[in-house]
Amino acid sequence: MTAIWNYPTRVIFGVSESLRVGAVAKELGLKRLLLVSDRGVEHAGLLTPIRQALAKERIFVESFVDVSSNPLEEDVEKGAEAYNAARAQGLIAVGGGSPLDAAKLIAVRSQSSRPWEQLDDAKNGGQYIPPVLPPVIALPTTAGTGSEVGRAAVLTVKSTHRKTVVFSPLMLPKVAILDPLLTRSMPAWVTAATGFDALTHCLEAYLAVGDHPMADGIALAGLELIAANLPLAVATGTDLEARGAMMKAAMMGAAAFQKGLGACHSLAHPLSSECGLHHGLANALCLPAVIRFNQSAVPARVTRVAKIFSGGAAGDCAELLTALRQKIGLPSGLASAGVTEAQLPKLADLAVEDACHRENPRPCSREDFLDLYRASM
C-alpha cells in the first residue's frame, strides 16, 4: 500500500515506490541530476532500476559513488566537482546515512565556498547556509539514520579529523522515497546496527532537555515500532512488513531529534572518526552506559522507555537494551569491537567537544565521558 506524508519533507512510502523516482524528479522540473551513492549500493545492484526509472523520463544522470562509510570532507568536495561538471540541477541520494548526508552537503557546497569549520553547527554555522539549495531526492537503503528527512548532515573535517555536524532546515530533502525492497538485501549485522541507530535517535530525542511534545510523541511511537520489529527484521530479512516498520522508525527518529540528541552521540562520533566504528554500532555499544548515567535526571522517562522494551512490565532500561543488543547479534562492548583502553583519553577529549551532548538531560564533563567509555568497554 502506498502512503504519502508531508512532515515537512514529502515522504512516499510503499513497496516498489522507488520506481517512481523519475516521475518525482520530473514533477520537480529536474532534467539533469547527480546520483550520489557508494560502492556497496552499486555492487548490490540497487542503482540499476533507479537509473532506468530516470531514463524512462528522459532525465540525464551522472553518478558519484565514491562516498566513504563515514563521509569525509574530500568525498563531498569531489562530489561537488562532479555536480558542477554534470551541470546538474539537483541530486538523487541512494544509500545509507553516508550517501544521503553527502548529497545534502554537496548541495551546500554547490552554493557556498565557506570552510566546513565555519559551517559547524557547534559554532552556529547554520546561519551561513545559502537560502536556496538544489533539491535532493532521498532513497534510503538502510533503516537507521533517517537522513532522508533530517535537516543535518555529518562529515569528518580534514583539518580537525573530527566528525562535524552541519545543520539547517534549508538542507531538508524535498522528497524521500521509502521502499522496503531497497532494505531487503541488508545483511543481518547491518540491519542490527542501523536499527540501533534509529533506536538511539528516538531514545535520546525523548530524553533530551526542552519542551517539544510533538518530538516526544514521535520518538515514543518510533521506539514501539523498533521494539516490535527490529528482531524480526534481523532474523528474517525478507519480512517486508518488519523492514517497512523499521524504515518508518528511522524516519521518525530523525524527525524527533530536531529536539536534540545526547551524550551517546557525542561518544559515538569520535568512535567513528578515530576507530572506524560503524555509527549505529558505536551507539549500540555506548547506549546502556548512557542510560544508567541519565537515569537519575529523568527517571520517569527512562521507566517509560523500559516498559516499551519489556512489554509493559517494570524493568531496568539499560539491561533491557543490553539484552536486545545481544539478541540481535551485536558485540558485547567496545573492547570486542577493537577499541583499546589507551584510546579512551583522546576519545573523551573529542566527545566533550561534540555538540550533541548540549541537550543531554544530565551535564557531561570530560571525566564523565571517560567514565562512560570505560563503562562501555
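For the structure, check the block above.
Residues numbered from 1 in each chain as written. Predicted model: local features only at pLDDT ≥ 70, side-chain atom pairs only at ≥ 80, totals over all residues. Heavy atoms only, no water.

Caption draft 1: Examining the overall build of the chain more closely. Counting secondary structure elements, the chain contains 14 helices and nine strands. A compact globule built from 377 residues should have a C-alpha radius of gyration of about 21 Å, and the chain, at 19 Å, falls within 12% of that. Burial status across the chain gives 59% buried among its 377 residues. Working note: accessible area of the chain is about 14,700 Å², and carbon and sulfur atoms make up 53% of it. Placing the 35 positive and 36 negative side-chain charges of the chain at their respective mean positions leaves the two points 6 Å apart. (Helix = DSSP H or I, 4+ residues; strand = E, 2+ residues; numbered from the N terminus. Rg over C-alpha atoms; globule rule 2.2 N^0.38 Å. Buried < 20%, exposed > 50% of the residue type's maximum accessible area, 1.4 Å probe, protein only. Areas by Shrake-Rupley, 256 points an atom, 1.4 Å probe, with all protein chains shown as cover. Lys, Arg positive; Asp, Glu negative; His and termini not counted. Charge placed at Lys NZ, Arg CZ, Asp CG, Glu CD.)

Caption draft 2: Layout of the packing of helix H9 (residues 263-275) against helix H14 (residues 366-376). Viewed as axis vectors pointing N to C, H9 and H14 meet at an angle of 75°, and their least axial separation amounts to 11 Å. Of the possible angle classes, the one that applies to H9 and H14 is roughly perpendicular. Counted together, Ala263, Ser266, Leu267, Pro270 and Leu271 of H9 and Phe369, Leu372 and Tyr373 of H14 form the full contact between these two elements. Residue classes in the contact of H9 with H14 are distributed as seven nonpolar, one polar and no charged. (Axes fitted to C-alpha atoms, helices over the stretch in contact; angles between N-to-C directions. Parallel < 35°, antiparallel > 145°, perpendicular 65-115°, else oblique. Contact = heavy atoms within 4.5 Å. Nonpolar A, V, L, I, M, F, W, Y, C, P; charged D, E, K, R; others polar.)

Caption draft 3: Representation of the environment of His201. Tracing the sequence through the fold places His201 in helix H6 (residues 188-207). With relative accessibility at 4%, the residue His201 sits in the buried group. Each C-alpha atom, one on His201 and one on Glu359, is 13 Å from the other, the two residues being 158 residues apart in sequence. The contacts of His201, once residues within four sequence positions are left out, are Gly144, Thr145, Gly253, Phe257, Leu261, His265 and His279.

Caption draft 4: Region of interest: the packing of helix H7 (residues 213-235) against helix H11 (residues 299-309). H11 packs onto H7 with a crossing angle of 30° between their chain directions and a minimal axis gap of 9 Å. By the angle class used here, H7 and H11 are roughly parallel. Where H7 crosses over H11, the handedness of that crossing is right-handed. Listed contacts from H11 to Asp216, Leu220, Leu223, Glu224 and Ala227 of H7 are Arg301, Arg304, Val305, Ile308 and Phe309. Residue composition of the contact of H7 with H11, by class: six nonpolar, no polar and four charged. (Left-handed = near helix turned anticlockwise from the far one by under 90°.)

Caption draft 5: Representation of the pairing of strand S7 (residues 152-157) within the structure. In terms of residue burial, S7 counts as a mostly covered element, since six of its six residues are buried. Where burial is concerned, the two faces of S7 agree: the one with Ala152, Val154 and Thr156 and the one with Ala153, Leu155 and Val157 are both buried. Bridging between S7 and strand S8 (residues 162-167) involves six bridges; their strand directions are antiparallel. Note that in S8 the partner of Leu155 across the bridge is Thr164. In sequence, S7 turns back onto S8 through a hairpin of four residues, with His161 there showing a positive phi of about 55°. (Pairing = 2+ DSSP bridges.)

Caption draft 6: The arrangement of the pattern of salt bridges in detail. Within this structure, the stated rule accounts for 15 salt bridges. One salt bridge connects Lys346 with Glu274, and the closest N-O pair in it is separated by 3.2 Å. Linking Lys346 in helix H13 (residues 344-353) with Glu274 in helix H9, this pair joins segments that are 72 residues apart in sequence. The structure contains a network of salt bridges with shared partners spanning Asp216, Lys259 and Arg301. (Salt bridge = Lys/Arg side-chain N within 4 Å of Asp/Glu carboxyl O.)

Caption draft 7: The pairing of strand S2 (residues 10-13), seen in detail. Two elements, strand S1 (residues 3-6) and S2, share four bridges in a ladder whose sense is antiparallel. Bridge assignment links Trp5 to a residue of S2, and that residue is Val11. The pairing of S2 with strand S9 (residues 175-178) spans four bridges and is parallel. Each bridged residue has a counterpart across the sheet, and for Phe13 the counterpart in S9 is Leu178.

Caption draft 8: The nonpolar core, seen in detail. With 73 residues, the main nonpolar core has Leu199, Leu203, Leu271, Ile291 and Tyr373 as its most contacted residues. Residue contacts for Leu271: discarding those within four places in its chain leaves Gly276, Leu277, Ala282, Cys286, Leu334, Val339, Leu347 and Tyr373. Judged by nonpolar contacts, the second largest core, of 30 residues, contains Leu100, Leu105, Ile106 and Val108. (Core = buried A, V, L, I, M, F, W, Y, C linked by side-chain atoms within 4.5 Å.)

Caption draft 9: Here's a closer look at the packing of aromatic side chains. For the structure on display, the rule yields one aromatic pair. Between Lys248 and the ring centre of Phe13, over which it is positioned, the NZ or CZ distance is 4.8 Å. If you follow Arg301 out to its NZ or CZ, it ends over the ring of Tyr206, 4.5 Å from the centre. (Phe/Tyr/Trp six-rings, centres within 6.5 Å; stacked < 30°, edge-to-face > 60°. Lys NZ or Arg CZ within 6 Å of the ring centre and 35° of its normal.)

Caption draft 10: Region of the structure containing unusual backbone geometry. Backbone geometry at Ser16 places phi at a positive 70°, although glycine is not the residue there. The residue Ser16 is located in the loop between S2 and helix H1 (21-27) in this model. Note on Ser16: relative accessible area 34%, which makes it partly exposed. Positive phi is not limited to glycine here, since His161 has a value of about 55°.

Caption draft 11: The arrangement of the sheet that holds strand S6 (residues 136-140) in detail. Pairing within the open sheet is mixed, and its seven strands lie in the order S1-S2-S9-S6-S5-S3-S4. Every other strand in the sheet has two partners, leaving S1 and strand S4 (60-64) as the edge strands with one partner each. Each neighbouring strand pair of the sheet contributes to a mean axis angle of 20°, computed without reference to strand direction. Bridge count between strand S3 (residues 32-36) and S4: five bridges; the pairing is parallel. By the bridge assignment, Leu33 is partnered in S4 with Val61. Strand contacts of helix H4 (residues 73-85): S3, S4 and strand S5 (90-95), with the helix running at about 160° to S4, the strand carrying the most contacts.

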